[in-house]
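Below, each chain spelled out in residue letters.
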Amino acid sequence: PGTDHMSAMRLIDNVESRHGKVVEFSSYCGGLPAPTATPNPLGYKFSWAPRGVLLAALNGATWLEDGKEVSIPGTDLWRTTRPLEFAHPGGPEGLGPFVGVPNRNSVPYRDLYAIPGCRFLVRGTLRDRRWPPVLLALVRLGWLSLEPRQGGPSTCAAVTAVLAGGTPSDAPQAKALVARFLNVPESSPEVLAMEWLGLFGQKEEVTADTLLDALCAQMLPRMQYEAGEADMIVMQHTLVADFHEKVEHWSTTFVAIGDSEATAMSRMVGLPIAIACRLRLSGQLKGQGLMIPTHAHLYTPILEELATLGLCFKDRLTKAVLKPREG
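Read on for an overview of the structure. Everything numeric here is computed off the predicted structure, so don't read it as measured data.

Quick notes on the rules
Residues numbered from 1 in each chain as written. Predicted model: local features only at pLDDT ≥ 70, side-chain atom pairs only at ≥ 80, totals over all residues. Heavy atoms only, no water. Helix = DSSP H or I, 4+ residues; strand = E, 2+ residues; numbered from the N terminus. Buried < 20%, exposed > 50% of the residue type's maximum accessible area, 1.4 Å probe, protein only. Contact = heavy atoms within 4.5 Å. Areas by Shrake-Rupley, 256 points an atom, 1.4 Å probe, with all protein chains shown as cover. Lys, Arg positive; Asp, Glu negative; His and termini not counted. Charge placed at Lys NZ, Arg CZ, Asp CG, Glu CD. Salt bridge = Lys/Arg side-chain N within 4 Å of Asp/Glu carboxyl O. Pairing = 2+ DSSP bridges.

1. A look at the overall build of the chain
Then, in step 1: A tally of helices and strands in the chain yields ten helices and ten strands.
Then, in step 2: Across its three principal directions, the C-alpha atoms of the chain cover 70 × 55 × 40 Å.
Then, in step 3: For the chain, the residues scored as buried account for 46% of the 327 residues in total.
Then, in step 4: Residue pairs in contact within the chain that sit at least 24 positions apart in sequence constitute 71% of those at least 6 positions apart.
Then, in step 5: Of the roughly 16,100 Å² that the chain leaves accessible, carbon and sulfur atoms contribute 54%.
Then, in step 6: Each charge sign in the chain was given a centre, from 31 positive and 33 negative side chains, and these centres are 3 Å apart.

So, in structure tokens, the structure goes:
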């Protein structure tokens, strides 16, 4: 926890120590299957609670563009994905392509990161590019509904047929109805992913109290990590800094891959807290009360120790542009 803030502040503090001003900042992070894991049509496997993943997919988002707040409801969130150019020096092959989608409210981070001149600011979730179109289709159909079910169709195919505008008796035509509802071919990635999830199945019973929970029940057995498969955490910051004589473009990237001893997710949840606790008990961490790790005396020793464990956040100057001389 907090390593996204730590690595962001290290990058920001580097700029400000040289009298630069951060004018653009973005940060995307996600937990994904490692490139060696068995692929699936969604490009995703669960390393934490499936219900939490789907609930997060319903959150609206607010961010800054050109200094103004932009907001979008959760129902339209997956239309706002941005392709991410990801390059991690010395990283594993087969990464990406990735997309980013805004996550909740990014605006308060202008104050938390002390970058008042920042005119573009977004923090978001990083996903494989196959994930957003499938999530958007499921949201449009209503498969992420939290409304209590009052009886109704009892099989996945019948539920899907009704959501797509048909009746329970149209269950055998559920796939065609969905394609028509989404205005895509039956061979589209969205429809094929729903078929892989069993949502056109006429034998799979829907017993959950909500459709979202029924969808979880379909996803979990198909999207678990198999024995020997590894998870992965991928993070990227991008920053644009304005100096008197030039403009610099920076990126910070991070990749962690799980192994037979621990998942990447468990390492990155546990190790920063463990390091902070030891620093506190040894008297190296000062201060009282609840602290967020946006100050160098907090983030520097933690990031340095993580690096000794092979968990490195790599800062890179990607471009520097000299400003034209006045006069």
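2. Points about the side chain of Glu190
Then, in step 1: Locating Glu190 in the fold gives a position in helix 7 (residues 189-196).
Then, in step 2: Within the buried set, Glu190 has no salt-bridge partner at all; the shortest N-O distance to an opposite charge, 6.9 Å, is to Arg140.
Then, in step 3: With near-sequence residues (within four places) excluded, Glu190 lies in contact with Pro133, Val134, Ala137 and Val184.

3. Re the pairing of strand 9 (residues 246-257)
Every other side chain in a regular strand lies on the same face of the sheet, so the side chains alternate between the two faces.
Then, in step 1: Pairing of strand 8 (residues 231-242) with strand 9, which is carried by eleven bridges, proceeds in the antiparallel orientation. Each bridged residue has a counterpart across the sheet, and for Val234 the counterpart in strand 9 is Val255.
Then, in step 2: Bridge count for strand 9 against strand 10 (residues 314-322) is eight bridges, and the pairing is antiparallel. What sits directly across from Thr253, in strand 10, is Lys314.

4. Remarks on the pairing of strand 2 (residues 61-65)
Then, in step 1: Most of strand 2 is tucked away: four of the five residues are buried.
Then, in step 2: Here five bridges tie strand 2 to strand 3 (residues 68-72), and the two strands are oriented antiparallel to one another. What sits directly across from Trp63, in strand 3, is Val70.
Then, in step 3: Where strand 2 folds back on strand 3, the antiparallel hairpin that results is connected by two residues, among which Asp66 adopts a positive phi of roughly 55°.
Then, in step 4: In terms of strand pairing, strand 2 meets strand 6 (residues 104-105) through two bridges, oriented parallel. Bridge assignment links Ala61 to a residue of strand 6, and that residue is Arg104.

5. As for helix 6 (residues 174-182)
Then, in step 1: What helix 6 keeps buried is the set Ala174, Leu177, Val178, Ala179 and Leu182.
Then, in step 2: Residues of helix 6 that are buried sit in contact with helix 4 (131-141), helix 5 (156-163) and helix 7.
Then, in step 3: A positive backbone phi angle near 60° is found at Asn183, which sits one or two residues after helix 6.

6. Notes on the pattern of salt bridges
Then, in step 1: Across all of its chains, the model carries 15 salt bridges by this definition.
Then, in step 2: With a shortest N-O distance of 2.7 Å, Arg51 and Asp213 are connected by a salt bridge. On the criterion of sequence distance, the pair formed by Arg51 in helix 2 (residues 50-56) and Asp213 in helix 8 (residues 211-219) is long-range, its members being 162 residues apart.
Then, in step 3: What makes Arg51 partly exposed here is its relative accessible area of 35%.

7. Quick look at unusual backbone geometry
Then, in step 1: Following Gly96, the chain continues to Pro97 via a peptide bond in cis, the omega torsion being 0°.
Then, in step 2: Topologically, Pro97 is positioned in the loop between strand 4 (82-84) and strand 5 (98-102).
Then, in step 3: We note that His19 has phi near 65°; this positive angle belongs to a residue other than glycine.
Then, in step 4: Note on placement: His19 falls in the loop between helix 1 (3-17) and strand 1 (21-33).

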